[in-house]
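Examining the three-dimensional arrangement
These are the residues of each chain, in order.
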Amino acid sequence: MPTPTSQSSESDLYTPLTGAPLTAGQLPRGAAPLTLAIVALAALGLWQFADWSPAGAAVVGALVYTAVIYLWSRVVEGPRKATDRLVTAVVTCAFLLALLPLISVVVTVLSNGLARFDTEFFSYSMRGIVGEGGGAYHAIMGTLIITALAALISVPVGLLTAVYLVEYGRGKLAKAITFFVDVMTGIPSIVAGLFAYALFALIFGPGVRMGIMGAIALSVLMIPVVVRSTEEMLKLVPNELREASYALAVPKWRTIVKVVLPTALAGIATGVTLAIARVIGETAPLLITVGITSSDNFNPFDGRMATLSVFSYYEYVNPGVPPQFSLDRAWAAALTLIIIVMVLNLVARLISRLFAPKTRA
Amino acid sequence: MPPSTTRPKAPKVPQRPGDRIFAGASTGAGVLILVVLAGVAAFLLVEAWPSLTAPAEDIPGGEGVAVYVWPLLFGTLISAVFALLIASPLAVAIALFITYYAPRRIAAGLGYLIDLLAAVPSIIYGLWGFTVLAPLTVEPANWLAENLGFIPLFAGPPSATGRTMLVAVIVLAVMILPIITAVVREAFRQTPRLHEEASLALGATRWEMIRMAALPFGRSSIIGASMLGLGRALGETMAVAIVLSVSGGVTFNLISSANPSTIAANIALQFPESSGIAVNTLIASGLVLFAITLAVNMVARAVINRRKEFSGAN
């Protein structure tokens, strides 16, 4: 026989204290994507049929969507969830906004650079060229030589420093080096160029320009990047490997050379590739240390050399008459540069994916 | 006779020559980095010295180094600070999106896309800013000058080419965005998972979880990352050199065609055609830039490292 108390408690289960149904405080499922789709269609319509600019339509669309979803959610779900939805919309918009310049840069460089992206561009220098024709063969070779020299300087120094920090470094010196390597990543590239210039001006007198100066300036920028990435990779090498090697009476330096470095090799190669990608597009330090020339000079110890980035800069700021030929060359050089950088980035990812040591079977 | 209590001496580990050479070489490489950093300061000082001691009339502009550097310093600071004001909130939002909002499966790819922004060489940003961005800002700048002209930043008259401080600021913001995003993302990734789940379990919405668990945890990283971005913006050269139309002077006006140059851009523009004392003056301005970026970077790294030591994550 049911007692009155149990009856009342049973009915309480189905009527929440506020008297509102439990499912009331939510937007219907799929409300947000649907609103977004409708607003996007409306924005598309504004762009196509009302002659709005695509950017304007997109901005208005984003604002309208954010306002609609916020107000709707605030009425139905209350202020806390409404704020949550507002933040979601804002954060997503921020991400999309950041992609715009990337897309715009790639499209601009492609559309302007393809005009002169031909065999002549890659096989001719600028010697004796006024107006049409000519190419960046000398600049491409110069970039490759100077970057290779920079890598030749920075990779051993960077590797050894990372080995010191991980394997040997204790105490104040190691702490100071770690800190100043971090600080060094923030040195402006132009200051690195000035440093190389000041160094060589003291030896060879003012006004000196040489390829090797550029390589030294670039390695000031490159060394910290190599150190940081190599250090991270060496830290990942399991200690058991080192201990196993010591237990077999292998000296420490052979352990490092034969066990630690090979284990971390893929990561180190990735780091070095990314470091090269970072410095190969540098303009400012090369502008003040290497200068520009219009003919082939592949000797980094003798006078001015051409480099791709500086070539692009001068073709752009000092165009001849008519300017179009020069501008086309500048954009073609920019396109070549961006392709090199992107390929290097891709290669780095591939190395780290293909040759990564298999930590777990 | 009691047995001798002295333990047999541990056999002395033979110091192999290979060990000594390798340890010496790697320590030497580490010390070399410190030497290089000190060398940058020393050589810049040596080469800048003639301009510091020269009579004021000999310095370009004719009024001494301080008067020469001050407008450049002002331009450097104003462009970097405004770039930071645009980039840092955006970077935090992007880091939040990648860490908490994007679908897990594509989040890493989206992060890579943002990293690609950092890979684009600065000269290309300069060309892009000059040809694409500058013309785009002409009309908005006109509108700003007409409707918000009472604010000193938008006093006008607006530039007809768009090669204004505003464009330089936007380009700089784009360039420092990926650096700030990367550091902030790293911080958010280390937010203790238990804190996040605890706040969600207590009924927090996603935003409340971020506000109460992730943001307090990442605060010092956000500050440090912003300062790193500031350091990068202060030293950025080619993009500013190409984009900005320079006339000297000190002004807060962002949209006119008369802008102060920045130290780095000025060096890049003047250095190839300079000789004698002018070169020394440019190097003196470079020394100022070096000192500022060094200070900013050291503070930034100290802030970031402090968080590492005191965070609950490790």
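Residues numbered from 1 in each chain as written. Chains lettered and ligands numbered in written order. Predicted model: local features only at pLDDT ≥ 70, side-chain atom pairs only at ≥ 80, totals over all residues. Heavy atoms only, no water.

An unreviewed UniProt entry lists chain A under the name Phosphate transport system permease protein PstA, with Prauserella cavernicola as the source organism. What UniProt states about chain A under its Subcellular location (unreviewed entry) heading is, verbatim, "Cell membrane". Database annotation for chain A, UniProt heading Sequence similarities (unreviewed entry): "Belongs to the binding-protein-dependent transport system permease family. CysTW subfamily." (UniProt positions renumbered as here; feature names shortened; annotations may be inferred.)

1. What to know about the overall build of chain B
Scanning chain B from N- to C-terminus turns up 10 helices and 0 strands. Starting at the N terminus and walking to the C terminus, you meet the elements of chain B as α-α-α-α-α-α-α-α-α-α. Scaling as 2.2 N^0.38, a compact globule of 314 residues should have a C-alpha radius of gyration of about 20 Å, whereas chain B reaches 26 Å, well beyond that. Sorting the 314 residues of chain B into buried and exposed places 54% on the buried side. Carbon together with sulfur atoms contributes 67% to the accessible area of chain B, which is approximately 14,300 Å² in total. (Helix = DSSP H or I, 4+ residues; strand = E, 2+ residues; numbered from the N terminus. Rg over C-alpha atoms; globule rule 2.2 N^0.38 Å. Buried < 20%, exposed > 50% of the residue type's maximum accessible area, 1.4 Å probe, protein only. Areas by Shrake-Rupley, 256 points an atom, 1.4 Å probe, with all protein chains shown as cover.)

2. A short note on the UniProt feature "domain: ABC transmembrane type-1" (unreviewed entry) in chain A
Within the UniProt annotation, "domain: ABC transmembrane type-1" (unreviewed entry) is assigned to residues 140–348 of chain A. Structurally, residues 140–348 of chain A is divided into 78% helix and 0% strand, and its ends, taken at the C-alpha atoms, are 21 Å apart.

3. Structural notes on the confidence of the model for chain B
The pLDDT averaged across chain B works out to 86; a share of 93% of its residues lies at or above 70. This prediction of the complex comes with two scores: 0.87 for pTM and 0.87 for ipTM. (pLDDT = per-residue confidence, 0-100.)

4. Side note on the confidence of the model for chain A
Here chain A shows a mean pLDDT of 86. Residues at 70 or above account for 92%. Mean pLDDT values over the elements of chain A span from 51, in helix α1 (residues 4–14) of chain A, up to 94, in helix α6 (residues 137–168) of chain A.

5. As for the interface of chain A and chain B
The interface is formed by 78 residues belonging to chain A together with 78 residues belonging to chain B. Summing the contributions of chain A and of chain B, the shared interface buries around 7,000 Å²; its carbon and sulfur component is 79%. The interface formed by chain A and chain B includes 1 salt bridge. Inspection of the region where chain A meets chain B yields 7 residue pairs in polar contact (both at pLDDT 80 or more). Residue contributions to the side of chain A that touches chain B peak at 19 residues, all from helix α4 (residues 79–113) of chain A. Of the residues belonging to the side of chain A that touches chain B, the class tally is 56 nonpolar, 14 polar and 8 charged. (Contact = heavy atoms within 4.5 Å. Buried area = accessible area lost by both parts, 1.4 Å probe. Salt bridge = Lys/Arg side-chain N within 4 Å of Asp/Glu carboxyl O. Polar contact = N/O pair within 3.5 Å; in protein donor to acceptor, adjacent residues only side chain to side chain. Nonpolar A, V, L, I, M, F, W, Y, C, P; charged D, E, K, R; others polar.)

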